[in-house]
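Analysis of the macromolecular model
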Amino acid sequence: MPANLSTALSRIGQYTLIAAIALFIATPMLVIAVFSFDANRFPTIPWGGFSLQWHQAVFEDAMIRDAFLNSLIVGLGTAIIATLLGFAAAYIDYRYMFRGKTLFGLLVAIPPAVPVSILGMAMLAFLSRLGLFGSVEAIIACHVAIATSFAMAIIRLRLGEFSRDLEPAAWNLGASPVATLFTVVVPFCKPALIASFFLSAAVSFDEFLIAWFVGGVNETLPVRILNLLQGQVNPKINAIGTIVLIISVLLVLVAQRFTSVRAGKAASSSS
Amino acid sequence: MSDAFVTLDHLDKRYAGHHAVKGINLDIKSGEFIALMGPSGCGKSTTLRLLAGLDEPTGGDIRIGGRSMSGIPAFQRDTPMVWQSLALFPFLSVVENVEFPLRMKKIGKIERRKRAMEWLERLGLGTMAERGISQLSGGQRQRVAIARSLVTQPSILLLDEPLSALDAHLRVRMQTELSRLHKELGITFVYVTHAQSEAFALADRIVLMNDGTIQQTGRPQDVYREPANAFVAEFMGMNNIVSGNVAGHEGTDVRIDGPLGRFTVPAKSSPTSEGKVSFVIAADRVTLSDAAKDGGAANRVTGNVIGIEFVGSTQTIFFDVDGQEFRVQKQQHEIDALDLTPGRRFDLNWQPQHAWLLPQAA
Amino acid sequence: MTDIEASMPPVKAPATERGLFRARYTASPATMPVMLGLPVLAWQLVFFAAPLVFLIVVTFWKVRSFRLEPDFSFDNWTKIIFSVPFQRALAYTGEVAVLCTALTLIVALPAAYTISFRLSQKLRDLAITFLIVPVFSSYMLRIYAWQIVLSPDGIVNSLIRMAGLDGLPLLGGQFALQVGLLTLTLPVAILILVLAFSGIDRNLVEAAENLGCRRSKVILHVLMPSIRNATFLAGSTAFLMSFGDYISPLFMTGSKPPTLSILIVDTVKSGSQWPRASVIGVIMLAILALVFLLANFLGRDRKIQAGGK
């Protein structure tokens, strides 16, 4: 086979693969969004006509409203605390050398790698001993333990670009170390702080198994959806799903907008 | 001692496995422009950081204005520094950068804006106030860094190789500017550099350091003409060092016998001596003459041209004198008539009074 | 010189270097790192480490009349390890995770290569966004969507019937389960590999091509060794995610046969058998830790050899 032809075929194969993956990722999201406007009870083809009745039903459902409110509180609380803790962890990692630093880093970094089914069970078992379960606060506490990992990663990445001279320069100009932290380090990290705020909110907004374990009767939105899904086919699901999907995609997009992660500077420099 | 504004008293700094500054003593007068020089790793930057309080000394003391700095953290010292990296805050505008030290002193918004603008205008940056740091050229950034350090009207300014990132043309202009500022403000400047040209152009006095110790302090031309030891002579660059044994004394002169010949050197620097000694002859003090002509005079060596280096109208001719490299510095017009093809032989002569006997190592 | 040396005060080691926290430069009070670090440390200890440690402790406890009681017995361990449902679930979960890891790598490697070397800067950024978004958004909903698409009366089958053919039993088997798991693992794996590819010096690739290397040889001898670590990381991450996942088995196969995660939730739900569920959890964690260490070891081992050549 001539080289040109084989190259062309390989290129076509590669682009087809990318298109197929894009379709694979987009399909479920599109299905949810499109069928939330379908008048049929069961989402299938043919399309049953445009309708807003399921969206309306969602807004009238008190349980969903409560769950949404819970999710909002949990997401906000998680975002604030995880960003604060993530900043502290990232700054300590950037700035200090101490014994047990690796262990400290692992303690912050590992939680997302533990399957949530196990983590949820362990958290419930432990927190119920402390009498801390079954509350919105308990969900926030557990979500923070996971989201801090992402917050730290994003902020540490930003601190990697922080010149080692800037802090001493600030001291030299009359700023105490604490003042330096707030007038120099925090402003420098601002984009990363915003990114980690939104990403932590997205992580929390998306998490259902831990929330289900430790939340007790306090359902967050994903838990409500999980409970709906395990019941009968309910066309409201597509409508909530669309709302949840839009919110979480927006949160991630905003977060990504503020991170410095780009598709590799090295790869782009020569092209 | 009494009129010293800054005193380094047996100042010592050890890091883990590295003795950076070895108990140095130095007095700096108020209003003096001091250049700390030396090769990289000689301890000059560490000394500056100790002055600013960015590092804690492991021994000795620093006194500024008679007050011991021991235990006083950097942010309470008022020893502003211009950094090699400039260390401007990228998230602040030009004027906000200059305002920063005033903000830290809790000076009101209107007052600090006014004072920052005064400094920006003084340095010709009045129209750049609202710009971001990334929108400035290298020279403009340099000025912002200087304005930021001077806005609090300190009595001392520390500069850590501030011009090393600039191109040659800009560097000379900034030198002039720094010199003017120093004269206008009348405050003490402590300037760290490894570039001789900057130290010579700016400093009242240079302090030459090596391996954590001070090798010599003095006016630039004195250090250049009368180096205290072989290290200083070599560091100052355009010097030729000749070694030999003391063969006798003639009044105030010493006669020296060495592998390169017989030389007469004035003994004013050290009233010695016996045994092995070295003396220095500056490259611009050497005259050239054709080796064909006979001459049995002292203070002459013969060598072959190796090559020529041109720096502007100044030329450095390198000679091989019995395996030792000799440098001779001449203006272009002085050597127009000479044929300096590599391999040509020349006599290298100098006046006895221009040779400088190095003090003997203890 | 000697004068100075003689009068030099005795050098004492700087206090800051002796302490637990050693600042990279001084002039910062030692209280600051502690003030900053303690909340993080405390939070992660209480809400992450302690629950996991307690999980291990609980495996030795007993349940008497629906209440947990401290004990030191290996009962739970022997009961679980020798129970047939557990053994079946372990084998099945492992099999599913291995298959998923293989599928993920087979798709992710060429995809990451194409994204890194064949797309324009703009498209590449878009692709990265397209991969990051699903990692953090509504996995459960997307699995539910697959359920709708693949169900007996779902979209795919409706299309097949419209074409005049019989519907396929898509839901409930390994196929559906892998579709669900790939939804989870594929974006993460591709992202890891794209980041690794972007770290490769393009000049290296071009130099190899200039030397007459064919593209396939460049990939084999230049690119693959450089992303060896990332490949192991992507693989072990895919294994971890698919091994512990709860949602895909629940919706795509209706928990039949059950995976270990399903078994855990069921064991907790029905009859508060916490200690036994904990045993399953601890075993899963041990397996995941082993897989990660092994992947790390394999990824690193070769690098040292290559460096030694």
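Residues numbered from 1 in each chain as written. Chains lettered and ligands numbered in written order. Predicted model: local features only at pLDDT ≥ 70, side-chain atom pairs only at ≥ 80, totals over all residues. Heavy atoms only, no water.

1. Description of the overall build of chain B
Worth spelling out the cut-off: Numbering of helices and strands runs from the N terminus; a helix is a DSSP stretch of H or I covering at least four residues, while a strand is a stretch of E covering at least two. Exposure is judged per residue with a 1.4 Å probe applied to protein chains only, and the accessible area is read against the type maximum: over 50% gives exposed, under 20% gives buried, and values in between give partly exposed. Pairs of residues are marked as contacts when any of their non-hydrogen atoms sit within 4.5 Å. Calculation of accessible area relied on Shrake-Rupley with a 1.4 Å probe; when residues are assessed, cover is drawn exclusively from the protein chains displayed. Charge assignment in this entry is limited to Lys and Arg as positive and Asp and Glu as negative, and neither His nor the chain termini are counted. Here the site of a charge means atom NZ of a Lys, CZ of an Arg, CG of an Asp or CD of a Glu.
A tally of helices and strands in chain B yields 9 helices and 20 strands. The burial tally for chain B puts 52% of its 362 residues in the buried class. Sequence separation of at least 24 residues holds for 66% of the intrachain contacts in chain B that already meet a minimum separation of 6. Total accessible area computed for chain B in this model is approximately 15700 Å², and 49% of it derives from carbon and sulfur atoms. If the 40 positive side-chain charges of chain B are averaged to one point and the 41 negative ones to another, these points end up 7 Å apart.

2. Details of the pairing of strand 16 (residues 300–311) of chain B
Side-chain positions along a regular strand alternate between the two faces of the sheet. Residues and elements named next belong to chain B. Convention followed: Two strands are counted as paired when DSSP detects at least two bridges linking them.
In the sheet, strand 16 pairs with strand 19 (residues 345–349) via 5 bridges, with the strands oriented antiparallel. Its bridge partner lying in strand 19, G303 is registered against F346. Sheet analysis places strand 16 next to strand 17 (residues 314–321), joined by 7 bridges and oriented antiparallel. The partner of F310 across the bridge, within strand 17, is Q315. Taking the residues between adjacent antiparallel strands as the criterion, strand 16 and strand 17 are bridged by 2 residues, where G312 takes a positive phi near 65°.

3. What about the interface of chain A and chain C?
The figure often quoted for interface size is the accessible area lost as the parts come together. The test is simple: Values labelled buried area give the accessible surface lost by two parts on being combined, using a 1.4 Å probe and summing over both. Within this document, salt bridges are pairs made up of a side-chain nitrogen of Lys or Arg and a carboxyl oxygen of Asp or Glu, the two lying within 4 Å of each other. Pairs of N or O atoms are called polar contacts if they sit within 3.5 Å, as long as, within protein, a hydrogen donor faces a hydrogen acceptor (for residues adjacent in sequence, only side-chain-to-side-chain pairs). Classification used: nonpolar for Ala, Val, Leu, Ile, Met, Phe, Trp, Tyr, Cys and Pro, charged for Asp, Glu, Lys and Arg, polar for all others including Gly.
Contacts between chain A and chain C engage 98 residues on the former and 97 residues on the latter. Summing both partners gives a buried area of about 8700 Å² for chain A against chain C, and 78% of it is carried by carbon and sulfur. Our enumeration of links across chain A and chain C arrives at 0 salt bridges. Taken together, the links from chain A to chain C amount to 9 residue pairs in polar contact (both at pLDDT 80 or more). Taken together, the residues of the side of chain A that touches chain C break down into 73 nonpolar, 15 polar and 10 charged.

4. Observations regarding the interface of chain B and chain A
In this assembly, 20 residues from chain B lie in contact with 17 residues from chain A. Both faces considered, chain B and chain A share a buried interface measuring about 1600 Å² in area, 72% of it formed by carbon and sulfur atoms. Inspection of the region where chain B meets chain A yields 0 salt bridges. Along the contact surface separating chain B from chain A lie 4 residue pairs in polar contact (both at pLDDT 80 or more). Top element by residues in the side of chain B that touches chain A is helix 2 (residues 94–104) of chain B. It accounts for 4 residues. Split into classes, the residues belonging to the side of chain B that touches chain A amount to 15 nonpolar, 3 polar and 2 charged.

5. Brief notes about the sheet that holds strand 14 (residues 276–282) of chain B
All names here are of chain B. Inclusion rule: Lines fitted to C-alpha atoms define the axes here, with helix axes fitted over just the stretch in contact, and angles between the N-to-C directions of these axes take values from 0 to 180 degrees.
Sheet architecture is open: 5 strands sit in the order 13-12-11-14-20, paired in antiparallel fashion. Pairing within the sheet leaves two strands with one partner each, and these edge strands are strand 13 (261–266) and strand 20 (355–357). Within the sheet, the average angular offset between the axes of one strand and its neighbour, ignoring direction, is 45°.

6. A word on helix 3 (residues 109–122) of chain B
Residue and element names in this part refer to chain B. The test is simple: One fewer than the residue count of a helix, multiplied by 1.5 Å, yields its expected span.
Counted at 1.5 Å a residue, the expected span for helix 3 with its 14 residues is 20 Å, and the 20 Å between its end C-alpha atoms agrees. Those residues of helix 3 that sit buried are R112, R115, A116, M117, W119 and L120. In this structure, the buried residues of helix 3 make contact with helix 2, helix 4 (138–150) and helix 5 (168–185). G124 occupies a position one or two residues after helix 3 and carries a positive phi of about 75°.

7. Concerning the sheet that holds strand 18 (residues 324–331) of chain B
Residues and elements named next belong to chain B. On the basis of which strands lie adjacent, the open sheet formed by 5 strands has the order 15-19-16-17-18 and antiparallel pairing. Edge positions in the sheet fall to strand 15 (287–290) and strand 18, since each has one partner strand and no second. Across the sheet, the mean angle separating the axes of adjacent strands is 45° when strand polarity is ignored.

8. Quick notes on the UniProt feature "domain: ABC transporter" (unreviewed entry) in chain B
Our working rule: UniProt positions are given in the numbering used here, feature names are shortened, and annotations may be inferred rather than shown by experiment.
The UniProt entry lists residues 6–236 of chain B under the feature "domain: ABC transporter" (unreviewed entry), expressed in the numbering used here. Its end C-alpha atoms 26 Å apart, residues 6–236 of chain B is made of 36% helix and 26% strand.

9. Focus: the domain arrangement of chain B
The condition is simple: The domain boundaries here were taken from an automatic or database domain assignment.
Domain annotation of chain B identifies domain 1 (4–225) and domain 2 (238–357). Here the C-alpha centroids of domain 1 of chain B and domain 2 of chain B sit 39 Å apart.

10. Here's the deal with the UniProt feature "transmembrane region" (unreviewed entry) in chain C
Residue and element names in this part refer to chain C. The feature "transmembrane region" (unreviewed entry), as given by UniProt, occupies residues 40–61, 96–115, 127–149, 175–197, 218–243 and 277–299 in the numbering adopted here. Structurally, residues 96–115 is divided into 100% helix and 0% strand, and its ends, taken at the C-alpha atoms, are 28 Å apart. The span residues 277–299 is 100% helical and 0% strand by assignment, and the distance between its end C-alpha atoms comes to 33 Å.

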